Amino acid sequence: MWFKNLKLYQLTNTLELTDEQLQTQLESMSFRPCGSQDIATMGWTSPFRNSDMLFQKTANRYWLVLKKEERILPASVINNELAEKVAQIEAETGSPVPKKSQQDLKQEIVHRLLPQAFTKNSVTHGFISPEHNLVVVDASSDGAAEAFLSCIRKCIGSLPVVPFAKSSRQETLTSWVMQDAPEQIEILDEAEFKSPSEDGATIRCKSQDLDAPEILAHLQSGMLVQKLSVAWQDRLTCIIGEDLSIKRLKFTDVVKEQNEDIPKDEINVKLDADFTLMSGEVVEFAEALRKIFDVESE
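Residues numbered from 1 in each chain as written. Predicted model: local features only at pLDDT ≥ 70, side-chain atom pairs only at ≥ 80, totals over all residues. Heavy atoms only, no water.

### Some thoughts on the side chain of Ser279
The condition that has to hold: Note on conventions: DSSP H or I runs of at least 4 residues are helices, E runs of at least 2 residues are strands, and numbering of each starts at the N terminus. The buried label applies to any residue whose accessible area, calculated with a 1.4 Å probe on protein chains only, is under 20% of its type's maximum; exposed applies above 50%, and partly exposed to all values in between. In protein, a polar contact means a hydrogen-donor-capable atom and an acceptor-capable atom, both N or O and within 3.5 Å, with residues adjacent in sequence counting only if both atoms are side-chain atoms; elsewhere, any N or O pair within 3.5 Å suffices. What makes two residues a contact is simply this: any of their non-hydrogen atoms within 4.5 Å.
Mapped onto the elements, Ser279 comes out in helix H8 (residues 267–292). With relative accessibility at 0%, the residue Ser279 sits in the buried group. Among the polar contacts listed, one links the side chain of Ser279 to the backbone oxygen of Phe275, at a separation of 2.7 Å. With residues up to four places along the chain from it excluded, the contact list for Ser279 reads Arg61 and Phe127.

This is how it looks when you write it as structure tokens:
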């Protein structure tokens, strides 16, 4: 279990969780498949195979998995059927079909087609580390991360969190490229620059030497770094966004090789070991970002 994206949040109040209570709370919103008339369903599922536990706890970190199932009913299919039905009625009556009647017809079509529609499943992983006042969601979008947090709130009653960055960190990222990055950070070869002016011109660099004069000239002209590829302590690489979101997270072999001796057929043992290792690295990285960007002072 290796996260690929990080949305980082810090708890603003102490969060006390007990295993038995948390399991009961999560069960109130456990995942169930779509019924015949459900467009989508969402709920908690076990991180492990063949397990009733809706979370996994290791090193006082709680691993949660939110599962979503949605029916695939393309708008084009509905609209085509509606157009045919409307044309048929107008041919029979000789009068146009009012918009209200068309809406009713559309609902009837959806109601009839939903049970036949294919379903698509997706999951969002995350973990809570009360000891570090940290919540981490493996999501590339704010919407997916907020859905995860919202479902936790519905179950446990409250989740007082704020994003790691409440304001843009463009200037800090820009200074890393133009001057020096922090000791633990190595600048790699990919970045996105954006002009603060109204035209909002954007330049994307990939496989580029970011120390090159032509690259630095963009920053000297006033452009700011929106995204930057970095390596941290030879343990991971990622893209840091100006909102401190992390994308394309990859752990190095130095980290992953630590669990290579676990037999592949011991699936749950491997999942637990990988999560323990991965979440520990993420916590250390998040703590480093807290200090580097002085998150607590915001």
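### Let's talk about the pattern of salt bridges
Close approach of charged atoms allows side chains with opposite charge to pair. Basically, it comes down to this: The term salt bridge refers to a side-chain nitrogen of Lys or Arg lying within 4 Å of a carboxyl oxygen of Asp or Glu.
Per the stated rule, a full pass over the model turns up 13 salt bridges. As a salt-bridge pair, Asp142 and Lys7 come within 2.8 Å of each other at their nearest N and O atoms. Here the residue Asp142 occupies a position in helix H4 (residues 142–156), and Lys7 occupies one in strand S1 (residues 7–11), the gap between them amounting to 135 residues. Its salt-bridge partner being Lys100, residue Asp104 comes within 3.2 Å of it at the nearest N-O pair. Of this pair, Asp104 and Lys100 both sit in helix H3 (residues 99–113), four residues apart, roughly one helical turn.

### Remarks on H3
Stated formally: One fewer than the residue count of a helix, multiplied by 1.5 Å, yields its expected span. The arc in question is traced by the directions running from the helix axis to the C-beta atoms.
With 15 residues, H3 extends 21 Å between its outermost C-alpha atoms, agreeing within 8% with the 21 Å of an ideal straight helix rising 1.5 Å per residue. Three or more residues of H3 are buried, namely Leu105, Ile109, Val110 and Leu113. Burial along H3 is one-sided: seen end-on, the buried residues are contained in an arc of 140°. Across H3 from its buried face, at more than 90 degrees, point the exposed residues Lys100, Gln107 and Glu108. Residues of H3 that are buried in the fold lie against helix H2 (75–93).

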